[in-house]
Amino acid sequence: IRSGLLIRYEDSDDWVITAGMAGPATQFNLIGYSYGSLLAAQTANSYARKGHIVDHLVLVGSPIDGAFLTRLRSHRNIRKVVVIDLTHVGDPIYAGMPQSELVKAVPELTRTMIAKNGEGHFYYGHVVPDSSARWASLARTIYESGVR
């Protein structure tokens, strides 16, 4: 929990995923869900600061800090930031939310995590009868944003 609360903000390279940038590619895309979205954001920020072009940064169910999100969206080396909030399925987490709201959301997140019924923040995270359709829909949404 501590690292999840800290990593919401622009940070140093301590939280960066370093494997994967072996050479030039048609597109350099980073996609993350929940805590993974925070790692993807930190990684995109690190690569962009070093002069690499990040074509798409896709944040799904991300509790990222608003100021950090704004900086990512305005960085000249990050071409497109796509935010996919899950508030329409009951997720109390959304990109840009203040820390106080995130802390208040912990009981609801705990309840839905333990229930394992694919509700709210765990809409894509728990395997439920219609998971395949959910994942296919998410993949279409990401594809339609330009990720190839």
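For the structure itself, consult the block above.
I will try to describe carefully the structure that is included in this document. (Residues numbered from 1 in each chain as written. Predicted model: local features only at pLDDT ≥ 70, side-chain atom pairs only at ≥ 80, totals over all residues. Heavy atoms only, no water.)

### Considerations on the environment of H52
As for its position among the elements, H52 is in the loop between α2 (35-49) and β2 (54-60). Look at H52 and you get partly exposed, because its relative accessible area is 31%. Separated by 24 residues in sequence, H52 and F28 place their C-alpha atoms 8.9 Å apart. (Helix = DSSP H or I, 4+ residues; strand = E, 2+ residues; numbered from the N terminus. Buried < 20%, exposed > 50% of the residue type's maximum accessible area, 1.4 Å probe, protein only.)

### Concerning the nonpolar core
Inside soluble globular proteins, nonpolar side chains tend to come together where they are buried. Counting residues in hydrophobic clusters, the biggest one holds 18 residues, and the most contacted among them are L57, I64, L72 and I78. Those elements that provide at least two residues to this core are α2, β2, α3 (66-74) and β3 (78-84). For this core, the element with the most residues is α2, which contributes six residues. Those residues within four positions of L57 in sequence are excluded, and the remaining contacts are L30, A40, A41, A44, L72, I78, K80, V81 and V82. (Core = buried A, V, L, I, M, F, W, Y, C linked by side-chain atoms within 4.5 Å. Contact = heavy atoms within 4.5 Å.)

### So, the sheet that holds β2
Strand order in this open sheet of three strands is β1-β2-β3, and the pairing throughout is parallel. With partners counted over all chains shown, the strands left at the sheet margins are β1 (29-33) and β3, one partner each. Averaged over neighbouring strand pairs, the angle between their axes works out to 10° when direction is ignored. Of the pairings in the sheet, the one linking β1 to β2 comprises five bridges and is parallel in character. Looking at the pairing, N29 lines up with H56 of β2. (Pairing = 2+ DSSP bridges. Axes fitted to C-alpha atoms, helices over the stretch in contact; angles between N-to-C directions.)

### Let's talk about unusual backbone geometry
Located in the positive-phi region is S34, a residue other than glycine, with phi close to 60°. Note on placement: S34 falls in the loop between β1 and α2. Residues other than glycine seldom take positive phi values, yet K116 does so here, at roughly 50°. Take K116: it is sitting in the loop between α4 (99-115) and α5 (131-144).

### Brief notes about the pairing of β2
Among the seven residues in β2, seven count as buried, and that is most of the element. Two strands pair when backbone bridges link them, and β2 and β3 are joined in this way by six bridges, in the parallel orientation. Residue L57 lies in a different strand from β3, and its bridge partner there is V81. Traced from β2 through α3 to β3, the parallel crossover comes out right-handed. (Right-handed = clockwise from strand over helix to strand, strands pointing away.)

### Regarding the side chain of S37
You can see S37 is positioned in helix α2. Once residues within four sequence positions are removed from consideration, S37 is found in contact with G32, L59, V60, S62 and P63.

### Regarding α5
With 14 residues, α5 extends 20 Å between its outermost C-alpha atoms, agreeing within 8% with the 20 Å of an ideal straight helix rising 1.5 Å per residue. Within the sequence span of α5, burial applies to S131, R134, L138 and I142. Buried residues of α5, seen end-on, are gathered within an arc of 70° and therefore sit on one face of the element. Exposed side of α5, more than 90 degrees from the buried face: S132, A133 and E144 are the residues found there. For α5, the secondary structure elements touched by its buried residues are β1, β2 and β3. Where α5 ends, the next residue or the one after it, G146, has phi of about 115°, a positive value. (Expected span 1.5 Å × (residues − 1). Arc of directions from axis to C-beta.)

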